Structures are given as C-alpha cells and as structure tokens.
Amino acid sequence: MNYAIDFPATPVLPVAESNKVFPVGRIYCVGRNYAEHAREMGHDPDREPPFFFMKPADAVVQNGATIPFPRATQDLHHEIEMVVAIGKGGADIPEDKALDRIFGYGVGLDMTRRDIQGEAKKMGRPWEMGKAFDNSAPCTLLKPVSMAGHPAKGAIWLKVNGAVKQKGDLAEMIWNVPETIAYLSRLVTLRPGDLIMSGTPAGVGPVQRGDKLEGHVDGVGDLTITYAR
Ligand code: MN
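To keep things clear, this report deals only with the structure shown in the data block. This structure is a prediction, so every number in the text was calculated from the model and none was measured. (Residues numbered from 1 in each chain as written. Predicted model: local features only at pLDDT ≥ 70, side-chain atom pairs only at ≥ 80, totals over all residues. Heavy atoms only, no water.)

**A short note on the pairing of strand β17 (residues 212–217)**
- Direction of pairing for strand β13 (residues 155–160) relative to β17: antiparallel, over a ladder of five bridges. Paired with Leu158 across the strands is Gly215, a residue of β17.
- Here β17 pairs with strand β18 (residues 221–227) via six bridges, running antiparallel. Bridging across to β18, Val217 finds its partner in Gly221. (Pairing = 2+ DSSP bridges. Helix = DSSP H or I, 4+ residues; strand = E, 2+ residues; numbered from the N terminus.)

This is the structure in structure tokens:
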C-alpha cells in the first residue's frame, strides 16, 4: 500500500508457543459484567442488558512493560479482565456458534481514568476520554483455544504491589462469553482481530506512579505492568 503519510504498523499481540502474532483490530469492552462490580459502581446488576464501549487498537501494551502514568487524571483505576480474541468475524452470531469464532484468550487491563469517566457519566457524555487513552489496554500474549480451551470458570485476580485488590471467578460473569459475542454481533459486524474485554470483578481502585500491577486468570495467563515514577 502506497500511503500518503507515515502510518504506524497494526498493533499486534504475541501468540503462545508460536512465532506468529495476532493483529489487533478493534477493542470492545463489556461494562459491569460482574454483579459485585456493578454494585460497587452503584448499579443494580439484575436490570441491565450488556453494554459496550471501545478502545483504539493502539492502546494495547505488551506484557512486562513499564508505561508512563497517563496524562490528565488524578484517579487512574485498574480493571483486570479476561480478553477474548476473535479469529473469525460475523454478524448475528448465534450463541451456540459463538465459541467457534474465538481464536484465543488473554489477560488484560481496562485501565480507566475514573475521574474523567465519572464526570462524563454525570454530564451524560461519552466515556471515551475516561477509557480510550494511550496505553489503556495492557494485554498478555494470547493462548489459542487449542491450549486454553474456553475458560468459563476459574480465578481472576489483580494485585497492586503484591496486595490482592480484585478477586473473582469467571463463572460470576453476568453475560458469559457466548452470550456477549451473540449480543455484540447483533450491534456490529465482528471482524478477525477484534478483542473483547469481558468485564471486571469487584475491587477496582486507584493506581499510583511506580505501582506494579500483576493480573491472573486461571488457565489463561499472568500479566505484569509497571507504572513509571
Ligand atoms: Mn472494564
């Protein structure tokens, strides 16, 4: 392609036990997908259909990185999430066919500028500047389905500087992965390369300069991210 400008390469994630990489297309995130987290944010988890927001592909950060503290926030929050990587796209994907569209799974962070998001909520404005900023989507390498299977239960947790802050189980998701794919694909046509961040368990909280974040999902992987001082 003969681009008219210098244009960055497509962001990628490594694939476990492979020399191939996964090209990242769009990043869709599910809001309030664990009941305890919905309650801690002041909502009734029994009443809401799933809802979505997005991050740009170039918000991806590789596992092990040290990243700058983001600009324009005094209240950066961690949200540990299982990441679903779409290998085959489509629209109106039925629940019972949804798992066939998945390439693999990873462990990610939906980093959030909670102060900006809170202001946006109050004003009825979009969430993007609270959610879709530089380096806001750290993610591990992806484990293909052949290695990870389709994790539907198992621990998901996050430590900050060695102390457990978030702890839950994948089985606590309000909308499981097939339901999420079916629902999302009725709203947009999913494409190969899309990532879905599947929501965070309770215990979200602030991150400071110099903090070390360690996240884990049983059978999927471990993520370590450090914020520069
Ligand atoms: Mn989230």
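The discussion continues.
**Re empty space enclosed by the protein**
- For the coordinates displayed, the defined rule picks out two cavities of 30 Å³ or more.
- Here the largest cavity is characterised by a volume of approximately 100 Å³.
- Around the largest cavity, the lining comprises 17 residues; the ones closest to its centre are Gly31, Arg32, His37, Glu79 and Lys131.
- Ranked by residues supplied to the lining of the largest cavity, first place goes to helix α3 (residues 114–123) with three residues.
- The residue makeup of the lining of the largest cavity, split by class, is five nonpolar, five polar and seven charged.
- The computed volume of the second largest cavity comes to approximately 70 Å³.
- As for the second largest cavity, its lining consists of Gly31, Arg32, Ala38, Asp44, Pro45, Glu48, Pro49, Pro50, Phe51, Ile174 and Trp175.
- Its residues placed into classes, the lining of the second largest cavity shows seven nonpolar, one polar and three charged. (1 Å grid on protein atoms, 1.4 Å probe; cavity = no way out; pocket = protein on both sides within 12 Å on 5 of 7 lines; lining within 4 Å. Points joined across faces, edges and corners; volume = space filled by probe spheres on them. Nonpolar A, V, L, I, M, F, W, Y, C, P; charged D, E, K, R; others polar.)

**Examining the nonpolar core**
- The biggest cluster of nonpolar side chains holds 38 residues, and the ones touching the most others in it are Ile181 and Tyr227.
- Only β3 (27–30), β8 (80–86), β9 (102–109), β13, α6 (177–184), β17 and β18 provide two or more residues apiece to this core. (Core = buried A, V, L, I, M, F, W, Y, C linked by side-chain atoms within 4.5 Å. Buried < 20%, exposed > 50% of the residue type's maximum accessible area, 1.4 Å probe, protein only.)

**So, the coordination of the manganese ion**
- Taken together, the protein donors to the manganese ion comprise Glu79 (OE), Glu81 (OE) and Asp110 (OD), at separations of 2.1 Å.
- Mapped onto the polypeptide sequence, the residues donating to the manganese ion form the spacing pattern E-x1-E-x28-D. Of this pair, Glu79 sits in the loop between β7 (76–78) and β8 while Asp110 sits in the loop between β9 and β10 (112–113); the two residues are 31 residues apart in sequence, bridging distant segments of the chain. As far as the burial class goes, Glu79 and Asp110 line up, both buried. (Donors = N, O, S within 2.8 Å, 3.2 Å for Na, K, Ca; no water.)

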